[in-house]
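# Observations on the three-dimensional arrangement
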Amino acid sequence: MSKGENKAQNAEGVKRKSRRRKKRLKIIIPVVLVAVILVAVKSFSGDENTAIPVYTDLVSTGDIDTELSVSGKVIAEEAVTFFAPASAKVEGIEVSKGDVVKAGEVLLCFDEDAVAYAKQQSELAVKISSADYNSNVQYNNEQKAKLAQAEADIAECEAQIDNYEKYIDDLTNGITDMTALEKSDLYAKKYSIEKEINNYDLALQFPTEETDIEMLSAKKMEKQMELNKVNDELGLLADYKTDYGWEDLLTQAKKDLADYQERLSEAKSIKSGAESAVVNGNKLAGYELNRTKSQLEGADAEKKYEAVLNGVVAGFNGVISDLNVVEGASVQEGAQLMVLESIDNVCVEFQASKYALETLALGQPAEITISGNDYTGTVTKINHVAEANSSGTPMVAVRVHIDNPDENIFLGIDAKLKILTASEKGVLQVPVEAVNVDSQGQFCYVIDNGILTKQYVTTGISSETYIQIKDGLTQNQEIVTTSVYGIGLDEGMAVTAMPVTGMPMAGAPVTDAETAVQEDTEDRTDNG
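If you tally the helices and strands in the chain, you get nine helices and 22 strands. Expressed as a percentage of the 528 residues in the chain, the buried residues total 30%.

So, in structure tokens, the structure goes:
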């Protein structure tokens with residue numbers, strides 16, 4: 001019968017559907033019972049040629065999704081542990097463990113008076129450190145100035161001593177030498193001029209408000225010219241000799257020499273003391289580092305106490321999962337206060353075996369069921385360190401991010417997952433029970449002239465009901481699924497096909513086409 005005829009018959013059967021329903025039920029039940037009895041008698045009659053009834057189905061085309069079904073626990077993907085930013089007293093706690101809080105909500109506050117006092121102490125320590133540094137630098141600069149002046153005085157005294165020693169030698173040698181007498185006179189004049197020049201130098205070096213620097217400089221220039229003239233005259237007195245009292249000049253010269261020697265000794269003593277007092281570069285750098293350290297510590301303390309004044313504030317929507325402090329407690333810096341876990345950024349974590357890992361990959365979609373509510377998610381993390389479970393089996397933690405969390409999600413509760421690990425569209429497929437395995441590979445049973453025959457196949461992915469066929473079968477080819485009575489099948493058996501495709505399952509609604517066929521049978525029965 002053609003498809004068109006079937007449709008026509010179905011249409012006609014629909015019209016007669018209501019009047020035939022009772023009669024159809026009376027016919028179906030006896031027919032099924034008779035068929036079952038006949039098959040059972042043949043199956044156990046011992047006749048080797050008796051064909052075993054088997055269910056068959058057709059190779060079809062469809063979509064196959066492979067899913068991994070697992071269970072896990074809901075956890076937060078974002079969590080923060082709050083620590084005391086500085087040593088302080090807890091004045092108030094606004095939350096309890098398990099409370100849900102909003103971003104920006106104050107969770108805990110500290111005693112502001114105690115914080116202010118500690119802040120003042122920190123600021124005072126910074127000021128003391130800076131004052132110590134400035135005092136050391138000032139003292140060091142003063143000693144360096146003394147050292148520089150002492151070194152200048154030493155140079156001057158040593159130069160004058162050299163001159164006077166030469167002068168005294170000349171006076172001593174010229175007392176009995178006429179020429180030396182004349183020279184002595186000139187040297188006396190030279191000494192007088194040099195003394196005046198030295199006085200002018202001293203006056204210029206240590207001027208007062210009444211000092212006329214221009215006048216002193218001019219007079220010094222005049223004396224310098226006189227000194228040059230005297231030196232020229234000394235150069236011309238090679239054979240000149242004179243005789244007058246150089247002894248006084250010699251005595252004065254020795255006295256002046258002693259004065260310069262005394263000044264030299266004092267200058268050296270000042271230099272020695274200044275050198276001992278001047279701080280070396282490394283030590284001065286240490287003072288500066290201590291000041292910088294104190295400033296940094298002060299700035300850090302400023303930030304910490306500012307954080308204390310602000311209290312503990314929630315940075316995101318979440319739930320207080322741990323609370324480690326009570327009101328009135330004095331906590332040390334770094335003490336753990338509480339833990340806040342996000343309720344907007346959550347996931348389901350489960351433990352995957354090495355076999356499950358072979359199918360898992362980042363980005364795979366998932367269906368999530370939590371307390372009867374359904375959500376969608378995505379595999380976002382696969383840990384790369386395995387840990388042994390209670391049975392000693394290495395397991396790897398996997399996280400599935402929940403895309404659309406709501407107020408019905410509670411951290412720590414169980415969740416069921418269905419992760420789509422593979423998917424194929426429009427591929428050949430057969431029921432999973434139709435695929436068997438032997439030493440040569442996977443195969444399906446087909447019927448060749450009433451005899452059961454193995455057809456080896458190449459399979460792909462599978463779902464709970466269907467498995468992909470990559471090679472070995474063609475679309476609409478009939479394959480054997482199982483025997484009717486659960487009898488073991490083997491190649492070479494004589495079988496009778498009982499197609500499953502199109503047959504109504506027990507309890508399933510009857511289609512119009514099936515009704516039309518049954519009514520046609522009833523008509524023939526009534527007419528018979």
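Having seen the model, we can carry on.
On to the pattern of salt bridges. Oppositely charged side chains can form a pair if their charged atoms are brought close together. Under the criterion given, the structure shown has nine salt bridges. With a closest N to O distance of 2.8 Å, Glu196 and Lys223 form a salt bridge. In this pair, Glu196 sits in helix H4 (residues 178-205) while Lys223 sits in helix H5 (residues 213-236), placing the two residues 27 residues apart along the sequence. The class for Glu196 is partly exposed, based on a relative accessible area of 26%. Arg399 is the salt-bridge partner of Glu349, the closest N and O atoms lying 3.0 Å from each other. A residue pair is termed long-range when its members are at least 10 positions apart, and Glu349 in strand E11 (residues 346-352) and Arg399 in strand E14 (residues 394-402) qualify at 50 residues. Using a relative accessible area of 25% as the deciding quantity, one classes Glu349 as partly exposed. Judged by its relative accessible area of 22%, Arg399 falls in the partly exposed class.

The next subject is the pairing of strand E20 (residues 466-471). Here strand E15 (residues 414-431) runs beside E20; their pairing, made up of three bridges, is antiparallel. Within E20, the residue paired with Pro431 across the bridge is Tyr466. Relative to E20, strand E19 (residues 458-462) runs antiparallel, the two being bridged by three bridges. Across the sheet, the residue bridging to Thr458 is Asp471, located in E20. Counted along the chain from E19 to the antiparallel partner E20, the turn is three residues long.

To continue, consider the packing of aromatic side chains. One pass over the structure, following the stated rule, counts six aromatic pairs. Taking 6.5 Å as the distance between ring centres and 70 degrees as the angle between the ring planes, the aromatic pair formed by Tyr164 and Tyr167 counts as edge-to-face. Note that Tyr164 and Tyr167 are positioned in helix H3 (residues 112-174) at a spacing of three residues, about one turn of the helix. Judged by its relative accessible area of 7%, Tyr164 is buried.

This part is about unusual backbone geometry. In this structure, Ser371 takes a positive phi of about 50 degrees despite not being glycine. Structurally, Ser371 is set in the loop between strand E12 (365-370) and strand E13 (373-388). Owing to a relative accessible area of 59%, Ser371 belongs among the exposed residues under this scheme. Unlike most non-glycine residues, Asn476 shows phi in positive territory, near 70 degrees. Summarising the element assignment, Asn476 is placed in the loop between E20 and strand E21 (478-483).

The next point concerns the environment of Ile487. Position of Ile487 among the secondary structure elements: in the loop between E21 and strand E22 (495-499). With 434 residues separating them along the chain, Ile487 and Pro53 place their C-alpha atoms 9.5 Å apart.

Reading across from one edge, E3-E10-E8-E5 is the order of the four strands in this open sheet, with antiparallel pairing throughout. Two strands in the sheet have a free side with no partner beyond their single neighbour: strand E3 (79-83) and strand E5 (100-101). Note: strand E8 (residues 318-323) against strand E10 (residues 336-342), five bridges, orientation antiparallel. If you follow Asp322 over to E10, its bridge partner there is Val339.

Before going further, it helps to spend a moment on the confidence of the model for the chain. Mean pLDDT over the chain works out to 81, with 80% of the residues at or above the 70 mark. Every residue in residues 502-528 is under pLDDT 50, and counting partners more than four places away or in other chains gives 32 contacts.

Quick look at the pairing of strand E16 (residues 435-438) now. Here E16 runs beside strand E17 (residues 441-448); their pairing, made up of four bridges, is antiparallel. Pairing of Val435 across the sheet is with Cys444, part of E17. Between E16 and the antiparallel strand that follows it, E17, lie two residues.

Sheet architecture is open: four strands sit in the order E7-E6-E4-E9, paired in antiparallel fashion. Strands at the two margins of the open sheet, each flanked by one partner only, are strand E7 (312-313) and strand E9 (330-331). As defined by bridge partners, strand E4 (residues 88-93) adjoins strand E6 (residues 106-110) across three bridges and the pair is classed as antiparallel. The residue of E6 that forms the bridge with Gly92 is Cys109.

Let us look at the nonpolar core. By size, the foremost hydrophobic cluster in this structure holds 24 residues, and its most contacted members are Leu107, Leu108, Phe110 and Leu337. Elements that contribute at least two residues to this core include exactly E4, E6, helix H7 (281-310) and E10. Residues in contact with Leu107, not counting those within four places in the same chain, are Phe82, Ile93, Glu94, Val95, Val101, Val312, Val313, Ala314, Ile320 and Met338. Grouped together as the second largest cluster of nonpolar side chains are 23 residues, Leu68, Ala366, Ile370 and Ile402 included.

A surface patch of negative charge is lined by Glu91, Glu94, Asp99, Glu105, Glu112, Asp113 and Glu327. As for its placement among the helices and strands, Glu94 is situated in the loop between E4 and E5.

In this fold, Glu341 is placed in strand E10. Arg399 provides the closest opposite charge to the buried, unpaired Glu341, separated from it by 8.3 Å. A polar contact of 2.8 Å, which involves the side chain of Glu341, links it to the side chain of Ser321. Contacts of Glu341, omitting those with residues within four sequence positions, involve Ala76, Glu78, Ala79, Phe316, Asn317, Gly318, Val319, Ser321 and Leu411.

What follows covers H5. For H5, spanning 24 residues, the distance from its first C-alpha to its last is 35 Å, which sits close to the expected 34 Å at 1.5 Å a residue. Listed in full, the buried residues belonging to H5 are Leu216, Lys223, Leu227, Val230 and Leu234. Taking the backbone nitrogen of Glu214 as reference, a side-chain oxygen 3.4 Å away marks Asp212 as the first, capping residue of H5.

Turning to the side chain of Thr421, a few remarks are in order. Mapped onto the fold, Thr421 is located in strand E15. According to the relative accessible area criterion, Thr421 is buried, its value standing at 15%.

Reading guide: rules and limits
Residues numbered from 1 in each chain as written. Predicted model: local features only at pLDDT ≥ 70, side-chain atom pairs only at ≥ 80, totals over all residues. Heavy atoms only, no water. Helix = DSSP H or I, 4+ residues; strand = E, 2+ residues; numbered from the N terminus. Buried < 20%, exposed > 50% of the residue type's maximum accessible area, 1.4 Å probe, protein only. Salt bridge = Lys/Arg side-chain N within 4 Å of Asp/Glu carboxyl O. Pairing = 2+ DSSP bridges. Phe/Tyr/Trp six-rings, centres within 6.5 Å; stacked < 30°, edge-to-face > 60°. pLDDT = per-residue confidence, 0-100. Contact = heavy atoms within 4.5 Å. Core = buried A, V, L, I, M, F, W, Y, C linked by side-chain atoms within 4.5 Å. Patch = residues over 30% accessible without salt bridge, like charges linked within 9 Å, V, L, I, M, F, W, Y side chains within 5 Å. Areas by Shrake-Rupley, 256 points an atom, 1.4 Å probe, with all protein chains shown as cover. Lys, Arg positive; Asp, Glu negative; His and termini not counted. Charge placed at Lys NZ, Arg CZ, Asp CG, Glu CD. Polar contact = N/O pair within 3.5 Å; in protein donor to acceptor, adjacent residues only side chain to side chain. Expected span 1.5 Å × (residues − 1).

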